[in-house]
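As a plain string of letters, each chain reads:
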Amino acid sequence: MVTKKAPVKTPTKAPAKVAPVKRRTPKPKVEAVTAPAPKVEAPKTDAIGRITDLIKWVDSPFKLLTVILLSFLAFAGYFAWDSRQVILQAIQNQDHMPQLVKQEDLVDPAKSLMKDVDGLVVLVHKSNLTTNSRTTMLALNADGSREKKIEGTVTSLFNASADRNAAMVAMLNNEVLCEEFNPSSKVGEWGVKQGVKFMCRGSIPPDPGKFAGYLAIGFKDKPEDISALKTRINLAATDMSEE
């Protein structure tokens, strides 16, 4: 008799324990914040000191007018401001400047100049540098008649016009300036109505460091011989001065 063996049970292994997976929460990015650089204020001591010195220097009406004029030139244009030493010297010598001849004695030299160079208008201005003003003493038409509604007009010597300022500095340097004409005053607008498109200006008298005023002569077109024209203007300017 065969005895059946009982089946041998193979022991089953317990399932391996799996460690739980920990999920990491991403950390928020922190951006670096740069603190603004502190503002460094410019020292005010120098500026205050200069202003104080300027106030102390202005102890007369003449100096006050000088400061006002130079301040105006600083805004009127670089050319005039760059020539401030020439302007200041002329202002300081204002009391020793020559004078124009009497108004009636301006007429003959102006008419002679007009005839010789075939101009359209001649203007003679008396200057006052300390007040930055000019007075039109004579306004002559092409036919020799006087435009009396223009005579007596007071306008500024230096103004916002670069052309006017350049002409003024040129005359203070004893130059006759001839150029295309752009009006910058009531008197200039009158000249344009007479047909003026080209203008020459010369100091009275035509001597270095002397500036009693100036004469201006206008043309329809640019004259051919500018050199001869400038010489003739200087001759007329000499006759218009008391010296």
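Thresholds, definitions, all that
Residues numbered from 1 in each chain as written. Predicted model: local features only at pLDDT ≥ 70, side-chain atom pairs only at ≥ 80, totals over all residues. Heavy atoms only, no water. Disulfide = S-S within 2.5 Å. Helix = DSSP H or I, 4+ residues; strand = E, 2+ residues; numbered from the N terminus. Buried < 20%, exposed > 50% of the residue type's maximum accessible area, 1.4 Å probe, protein only. Pairing = 2+ DSSP bridges. Salt bridge = Lys/Arg side-chain N within 4 Å of Asp/Glu carboxyl O. Lys, Arg positive; Asp, Glu negative; His and termini not counted. Polar contact = N/O pair within 3.5 Å; in protein donor to acceptor, adjacent residues only side chain to side chain. Contact = heavy atoms within 4.5 Å. Core = buried A, V, L, I, M, F, W, Y, C linked by side-chain atoms within 4.5 Å.

1. Looking at the state of the cysteines
Here, disulfide denotes a covalent bond that connects the sulfur atoms of two cysteines. Taken as a whole, this structure holds one disulfide when the rule is applied. Covalent S-S linkage joins Cys 178 and Cys 200, the inter-sulfur distance amounting to 2.1 Å. Given an S-S torsion of about 120°, the disulfide between Cys 178 and Cys 200 has right-handed geometry. You can see Cys 178 sitting in strand E4 (residues 177-180) and its partner Cys 200 sitting in strand E5 (residues 198-204), a full 22 residues away along the chain.

2. Here we look at the pairing of strand E6 (residues 213-219)
Looking down a regular strand, the side chains alternate between one sheet face and the other. Of all seven residues making up E6, seven are buried, and the element is well covered by its neighbours. The alternating pattern of E6 places Gly 213, Leu 215, Ile 217 and Phe 219 and Tyr 214, Ala 216 and Gly 218 on opposite faces, both of which are buried. When strand E1 (residues 121-128) meets E6, the two strands line up antiparallel, connected through six bridges. By the bridge assignment, Leu 123 is partnered in E6 with Ala 216. With seven bridges joining them, E5 and E6 adopt antiparallel strand pairing.

3. Details of the pattern of salt bridges
Per the stated rule, a full pass over the model turns up four salt bridges. The shortest N-O distance in the salt bridge between Asp 116 and Arg 232 comes to 2.8 Å. One end of the pair, Asp 116, is in helix H5 (residues 103-117); the other, Arg 232, is in helix H8 (residues 226-239), and 116 residues separate them in sequence. Glu 151 is paired through a salt bridge with Arg 146; the nearest N and O atoms lie 2.8 Å apart. By relative accessible area, Glu 151 is classed as buried at 14%.

4. Brief notes about the side chain of Arg 164
Within the element layout of this structure, Arg 164 appears in helix H6 (residues 162-172). One buried charged side chain, Arg 164, makes no salt bridge at all; its nearest oppositely charged neighbour is Glu 179, positioned 8.7 Å away. At a separation of 3.3 Å, a polar atom in the side chain of Arg 164 contacts the main-chain carbonyl oxygen of Leu 157. Those residues in contact with Arg 164 that sit more than four places away from it in its chain are Arg 134, Ser 156, Leu 157, Asn 159, Ser 184 and Ser 185.

5. Focus: the nonpolar core
Judged by nonpolar contacts, the single largest core of 26 residues is most densely connected at Val 124, Cys 200, Leu 215 and Ile 233. Put simply, the parts of the chain that give this core at least two residues each are H5, E1, strand E2 (133-140), E5, E6 and H8. What Cys 200 contacts, discounting residues up to four positions off in sequence, is Leu 177, Cys 178, Leu 215, Ala 216, Ile 217, Phe 219, Leu 229 and Ile 233. Ile 150, Leu 157, Phe 158 and Val 187 belong to the second-largest nonpolar core, a separate cluster that totals 19 residues.

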